[in-house]
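# Breakdown of the fold
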Amino acid sequence: MKRPEDLARRFLALADRDIRAFRKLSDDPEIDDEVVGFHAQQAVEKCLKAVLIKHCIEQRKTHDLQRLIDLLTENNLPSPPLRDGIDTLGPFAVELRYDFISTEPLDREQASTVVAAVRSWAEQQVS
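Note on numbering: residues in each chain are counted from 1, in written sequence order. Residue-level local features of this predicted model are given only where pLDDT is at least 70; pairs of side-chain atoms are given and counted only at 80 or more, and the full residue set underlies all totals for whole chains, interfaces and linings. As a rule here, side-chain values cover all heavy atoms of the structure and leave hydrogens and water aside.

### Let's talk about the nonpolar core
In this text, buried Ala, Val, Leu, Ile, Met, Phe, Trp, Tyr and Cys residues form a nonpolar core when linked through side-chain atoms within 4.5 Å. Whether a residue is buried, partly exposed or exposed follows from its accessible area with a 1.4 Å probe, protein chains only, as a fraction of its type maximum: under 20%, in between, or over 50%, in that order. In this structure, V44, L48 and L89 are the most contacted members of the largest nonpolar core, which totals 33 residues. Each helix corresponds to a stretch of at least 4 residues labelled H or I by DSSP, and each strand to a stretch of at least 2 residues labelled E; elements are numbered beginning at the N terminus. Mapped by element, the contributors of at least two residues to this core are α1 (4-26), α2 (33-54), α3 (65-74), α4 (83-89) and α6 (108-126).

Here it is, written out as structure tokens:
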């Protein structure tokens, strides 16, 4: 069985894949916000899960960023930065990709700031 630290690092590596996709796609105005937002949401989700895994906090399978943040709070762990920005990424979760739900336009610059801040925070929590 993998140590929590190793699994948390794996989740950060997976987040980095989504971050690379997000960065590449966010520069292209022809790419729909839903696609760009999906990778931002996934990166943040994996960062939050990495921190929970590092601290051996069980979680059910979810893409709900607020639920993951609640788990951090319930277990007296530090909250991630830029909570308002994280909230704007929630609608871009997996479910959105399979439905025609309309979302607010994605502020790609804000999303980039949020993704970078949460990734940095997660690195500090996992190290």
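There's plenty left to go through after this.
### Things to note about the environment of P78
Residue placement: P78 occurs in the loop between α3 and α4. Residue P78 is classed as partly exposed on the basis of its relative accessible area, which comes to 37%. P78 sits 44 residues away from A122 along the chain, and the two C-alpha atoms are 10.0 Å apart. Whether two residues are in contact is decided by their heavy atoms: any pair within 4.5 Å suffices. Excluding its chain neighbours within four sequence positions, the residues that come into contact with P78 are L72, W121 and Q125.

### Points about the pattern of salt bridges
Within this document, salt bridges are pairs made up of a side-chain nitrogen of Lys or Arg and a carboxyl oxygen of Asp or Glu, the two lying within 4 Å of each other. Tallied over the full model, the rule gives eight salt bridges. Salt-bridge contacts for E74 lead to R67; the nearest nitrogen and oxygen are separated by 3.1 Å. For E123, the salt bridge identified is with R119, shortest N-O distance 2.9 Å. Residue E123 and its partner R119 are located together in helix α6, separated by four residues, close to a single helical turn. Here R119 falls in the buried class, since its relative accessible area comes to 16%.

### Observations concerning the confidence of the model for the chain
Scored from 0 to 100, pLDDT records how confident the predictor is in each individual residue. Looking at the chain, pLDDT values average 92 and 92% of them are 70 or higher. At the low end of the mean pLDDT range in the chain sits helix α5 (residues 94-97), at 57; at the high end sits α6, at 98.

### What to know about α1
Here, expected helix span is obtained from the residue count minus one, scaled by 1.5 Å. The first and last C-alpha atoms of α1 sit 32 Å apart over 23 residues, in line with the 33 Å expected at 1.5 Å per residue. For α1, the set of buried residues is A8, L12, L14, A15, D18, I19, F22 and S26. Those residues of α1 that are buried are in contact with α2 and α6.

### Notes on the side chain of K46
Looking at where K46 falls in the secondary structure, it is placed in helix α2. Residue classification places K46 among the buried residues on the basis of a relative accessible area of 16%. What qualifies as a polar contact is a pair of N or O atoms within 3.5 Å, subject to a donor-acceptor requirement within protein and to the restriction that residues adjacent in sequence count only when both atoms come from side chains. At 2.4 Å, the side chain of K46 forms a polar contact with the side chain of D18. Ignoring sequence-local partners within four residues, the contact set of K46 consists of F11, L14, A15 and D18.

### Describing the packing of α1 against α2
Throughout, an axis means a line fitted to C-alpha atoms (over the contacting stretch in the case of helices), and angles, computed between N-to-C directions, take values from 0 to 180 degrees. Remark: α1 packs on α2, axes separated minimally by 8 Å, with the N-to-C direction vectors making an angle of 165°. Looking at the two axes, α1 sits roughly antiparallel to α2. The element α1 and its partner α2 pack so that their crossing is left-handed. Of the residues assigned to the contact of α1 with α2, the class counts are 18 nonpolar, three polar and five charged. Throughout, the term roughly parallel applies to angles under 35 degrees, roughly antiparallel to angles over 145, roughly perpendicular to angles from 65 to 115, and oblique to all others. By definition, any crossing whose near helix is turned counterclockwise from its far helix by less than a right angle is left-handed, and any crossing with a clockwise turn is right-handed. Residue polarity is assigned by list, with Asp, Glu, Lys and Arg as charged and Ala, Val, Leu, Ile, Met, Phe, Trp, Tyr, Cys and Pro as nonpolar; anything else, Gly included, falls into the polar class.

### Comments concerning the packing of α1 against α6
Closest axis-to-axis distance for the α1/α6 pair is 11 Å, and the angle between their directions is 165°. With respect to each other, α1 and α6 are oriented roughly antiparallel. The two elements α1 and α6 meet at a crossing, and its hand is left-handed. Side by side, α1 and α6 meet where A8, R9, L12, D16, I19, F22, L25 and S26 of the first sit next to R108, A111, S112, V115, R119, A122, E123 and V126 of the second. When grouped by side-chain class, the residues that make up the contact of α1 with α6 number nine nonpolar, two polar and five charged.

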